[in-house]
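Letter by letter, the chains look like this.
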Amino acid sequence: MTISHPTTETVPAPSGTPAGSLSAFDHVGRGDDAPHWVHDGICLAWGLPLAATRVTLIAVSENVTFKVSVNEDPSLVVRLGRPGYAVSVEHVRSELLWVEALQRDAGVPTPSPRHGADGDFVQFLNDDGGASWTAVGFDFVTGTILEDQTDFADHFVEIGRLTAQLHGHSRGWARPTGFQRFDWTVDDMTGGLARWGDWRNAPLTPGDRAVLERAETTARATLSGIPRTPQHWGLIHSDLRPSNVMTHEGAMTIIDFDDCGYGYFLYDFGSALTFYEHRPSALEMGARWLDGYRQVATLSRDDLELAGALSLMRRLTMLGWATTHRADALPADLWDENKPGTVEVAARYNADPLWLVGA
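Residues numbered from 1 in each chain as written. Predicted model: local features only at pLDDT ≥ 70, side-chain atom pairs only at ≥ 80, totals over all residues. Heavy atoms only, no water.

Caption draft 1: Fine view of the overall build of the protein chain. The secondary structure content of the protein chain amounts to nine helices and eleven strands. For the protein chain, whose C-alpha radius of gyration is 20 Å, the value lies close to the compact-globule estimate of 21 Å for 359 residues. Taken along the three principal axes of its C-alpha coordinates, the protein chain extends 60 × 45 × 40 Å. Per-residue burial over the protein chain gives 56% buried out of 359 residues. Considering only residue pairs separated by 6 or more positions, the protein chain has 71% of its internal contacts joining residues 24 or more positions apart. Counting only carbon and sulfur atoms, one obtains 51% of the accessible surface of the protein chain, whose full area is about 14,400 Å². The protein chain carries 28 positive and 47 negative side-chain charges, and their two centres are separated by 5 Å. (Helix = DSSP H or I, 4+ residues; strand = E, 2+ residues; numbered from the N terminus. Rg over C-alpha atoms; globule rule 2.2 N^0.38 Å. Buried < 20%, exposed > 50% of the residue type's maximum accessible area, 1.4 Å probe, protein only. Contact = heavy atoms within 4.5 Å. Areas by Shrake-Rupley, 256 points an atom, 1.4 Å probe, with all protein chains shown as cover. Lys, Arg positive; Asp, Glu negative; His and termini not counted. Charge placed at Lys NZ, Arg CZ, Asp CG, Glu CD.)

Caption draft 2: Representation of the packing of helix 2 (residues 89-106) against helix 3 (residues 156-172) within the structure. Remark: helix 2 packs on helix 3, axes separated minimally by 11 Å, with the N-to-C direction vectors making an angle of 105°. In terms of orientation, helix 2 lies roughly perpendicular with respect to helix 3. Contact residues: helix 2 offers W98, A101, L102, D105 and A106, while helix 3 offers Q165, L166, H169 and S170. In the contact of helix 2 with helix 3, the residues fall into five nonpolar, three polar and one charged. (Axes fitted to C-alpha atoms, helices over the stretch in contact; angles between N-to-C directions. Parallel < 35°, antiparallel > 145°, perpendicular 65-115°, else oblique. Nonpolar A, V, L, I, M, F, W, Y, C, P; charged D, E, K, R; others polar.)

Caption draft 3: Highlighting the pairing of strand 9 (residues 245-248). By the bridge criterion, two bridges tie strand 7 (residues 144-145) to strand 9 in an arrangement that is antiparallel. Residue pairing across strands places T144 opposite T247, the latter belonging to strand 9. Here four bridges tie strand 9 to strand 10 (residues 251-254), and the two strands are oriented antiparallel to one another. Looking at the pairing, M246 lines up with T253 of strand 10. (Pairing = 2+ DSSP bridges.)

Caption draft 4: Local environment of the sheet that holds strand 9. Taken together, the three strands give an open sheet; going across it, the order is 7-9-10, and neighbouring strands pair in antiparallel fashion. Two strands bound the open sheet, and with one partner strand each, they are strand 7 and strand 10.

Caption draft 5: Up close: the packing of aromatic side chains. Per the stated rule, a full pass over the model turns up 16 aromatic pairs. Relative to W133, the ring of W37 lies with its centre 5.7 Å away and its plane at 40°, an arrangement referred to as tilted. A residue pair is termed long-range when its members are at least 10 positions apart, and W37 in helix 1 (residues 36-46) and W133 in strand 6 (residues 132-139) qualify at 96 residues. Accessibility expressed as a relative area gives 8% for W37, which makes it buried. Overall, W133 belongs to the buried group, its relative accessible area being 0%. (Phe/Tyr/Trp six-rings, centres within 6.5 Å; stacked < 30°, edge-to-face > 60°.)

Caption draft 6: Structural view of the environment of E344. Here E344 is to be found in helix 9 (residues 332-351). The partly exposed category is assigned to E344, whose relative accessible area is 37%. With 156 residues separating them in the primary sequence, E344 and D188 have C-alpha atoms 23 Å apart.

Caption draft 7: Focus on the pairing of strand 3 (residues 73-81). Where strand 2 (residues 64-70) and strand 3 come together, seven bridges link them in antiparallel fashion. Following the sheet pairing, S69 is matched in strand 3 by P74. With antiparallel pairing between neighbouring strands as the criterion, strand 2 and strand 3 make up a hairpin whose turn holds two residues, including N71 at a positive phi of roughly 55°. Of the pairings in the sheet, the one linking strand 3 to strand 6 comprises six bridges and is antiparallel in character. The partner of V78 across the bridge, within strand 6, is G137.

Caption draft 8: Representation of helix 1 within the structure. In terms of residue burial, helix 1 counts as a mostly covered element, since eight of its eleven residues are buried. Taken as a whole, helix 1 has its buried residues at W37, V38, H39, G41, I42, C43, A45 and W46. Those residues of helix 1 that are buried are in contact with strand 1 (53-60), strand 2, strand 3, strand 4 (113-114), strand 5 (123-126) and strand 6. Just past helix 1, the residue G47 takes up positive phi, approximately 65°.

As structure tokens, then:
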């Protein structure tokens, strides 16, 4: 895996850092060695040799992800879920059950989940304060994250096609008993109950705020008439953006299903363009995604209107996300462009709700 995002300067976590808080990793940058409790816990959970195993940070976002190498050979990727983020252990386990089913039943390329030494998918690591973190592992996948590449619009045909396959599987899959994932309703995207933060907490001028308010009102009105039927609503990836796609020698792999849940299928269109909607390349990216999707499933004009509204809601969601996350969760240029780019996207949506979908 190639990670080329710039590492921002970090500072030590203050003494008294709450157990189970992501602030426990404030002093750890990309590529740094994991805290001892993470290293030792992973080795114990997956039966790895302590002295021969190195655990290094990949990213801190909703959760914390590490690369695990044994004798300098990358073997495993482990993701820690912060205490309280998942609804339940079954909520975490259900994600991996779907990933397995997508591989087995639909041929969707994803990293294989790895059982722990005790045979379970879900393991538990205790931090220095005694809090218990869920941990899940996946086979290490060789390749480069799409976001680290240049001129990647051509890949969006394949992303769209794979997304349509994923949606087809979702519609027909009989969920195992006890399967649990959260919903992605409009109130989970924006507003005071937004899962990742409210965009209104971003520093905005009154004029910019008015542009965003108008766009959200229009998008919400469009979505209010869409029923939650299998045609429109089901289990989705919800974060299938360039940072969650890897390529190697022409092959593509989809990663990071930790935000999968029940939502509008075409929210995955908005997710695919995350943080890029304001750039000139977004129109080509969107068009190619739709071309790939249509190789598997049909899309009506009403579907395109829905896709446009969900893309706007996604952009607002990620402005809210930036109010609750650290800057090195993104490449520096995308972080800096997020707020002004969101205002630009909202203004274009206000002028033409179909501007991004080419209808």
